[in-house]
Amino acid sequence: MSDKSAEEATDLRAAGWKAMRAALPGVFPEGDIDLRDGRLGEDLVDIGLTSVWGALWGREGLAPRDRSLVTLGILIALGAETELKTHVRIARSNGLTQDEIAEVVYHSSGYAGFPRALAARAAAREALER
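First, a word on scope: everything that follows refers to the structure included in this document. These numbers come from a predicted model, not from an experiment.

1. Observations concerning helix 4 (residues 81-93)
Piece 1. Between the first and last C-alpha of helix 4 there are 18 Å, a value that for 13 residues agrees with the 18 Å anticipated at 1.5 Å per step.
Piece 2. Just downstream of helix 4 lies G95, where phi reads positive at about 100 degrees.

Written as structure tokens, this is what we have:
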């Protein structure tokens, strides 16, 4: 890896930690944490840290609240309930109310389908009950 590539990766990693800590306050201790666990696919979380959290959530083009709205809609459409549970909690940290999250679920029923909306409602309820 070139010096420039290593520096860019370090910057994305730092931006990723900043965005993740803002979205999930109190979940991760300060500093650069090694997310590898020695098991199959151990680099996937680290890839998400740099590419999703650093390169996307770290951008200035949308407010975190707006990114949460978009992310909830996409996860509902994909039927990604496991990720949706986490992002419901992130949406709350980013200022969305329970009523607004419910509206995202309702709105998604017309575009992603009623079964996806039902599954999303169940995932959101579970996430909000924690």
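Still more to cover.
2. Regarding the pattern of salt bridges
Piece 1. Counted according to the given criterion, the structure contains 9 salt bridges.
Piece 2. Among the charged side chains, a salt-bridge network with shared partners connects R13, D32, D34, R36, D43 and D46.

3. Observations concerning helix 3 (residues 64-78)
Piece 1. Compared with the 21 Å implied by 1.5 Å per residue over 15 residues, the 21 Å span of helix 3 between its first and last C-alpha is a close match.
Piece 2. For helix 3, the complete set of buried residues consists of R67, S68, T71, L72, L75 and I76. Take helix 3 and look down its axis: the buried residues cluster within an arc of 160 degrees, on one side only.
Piece 3. On its buried face, helix 3 sits against helix 2 (44-57), helix 4, helix 5 (98-111) and helix 6 (114-128).

4. A word on the environment of G113
Piece 1. Topologically, G113 is positioned in the loop between helix 5 and helix 6.
Piece 2. In this structure G113 comes out as partly exposed when scored by relative accessible area, which is 21%.

Criteria and cut-off values
- Residues numbered from 1 in each chain as written.
- Predicted model: local features only at pLDDT ≥ 70, side-chain atom pairs only at ≥ 80, totals over all residues.
- Heavy atoms only, no water.
- Helix = DSSP H or I, 4+ residues; strand = E, 2+ residues; numbered from the N terminus.
- Expected span 1.5 Å × (residues − 1).
- Salt bridge = Lys/Arg side-chain N within 4 Å of Asp/Glu carboxyl O.
- Buried < 20%, exposed > 50% of the residue type's maximum accessible area, 1.4 Å probe, protein only.
- Arc of directions from axis to C-beta.
- Contact = heavy atoms within 4.5 Å.

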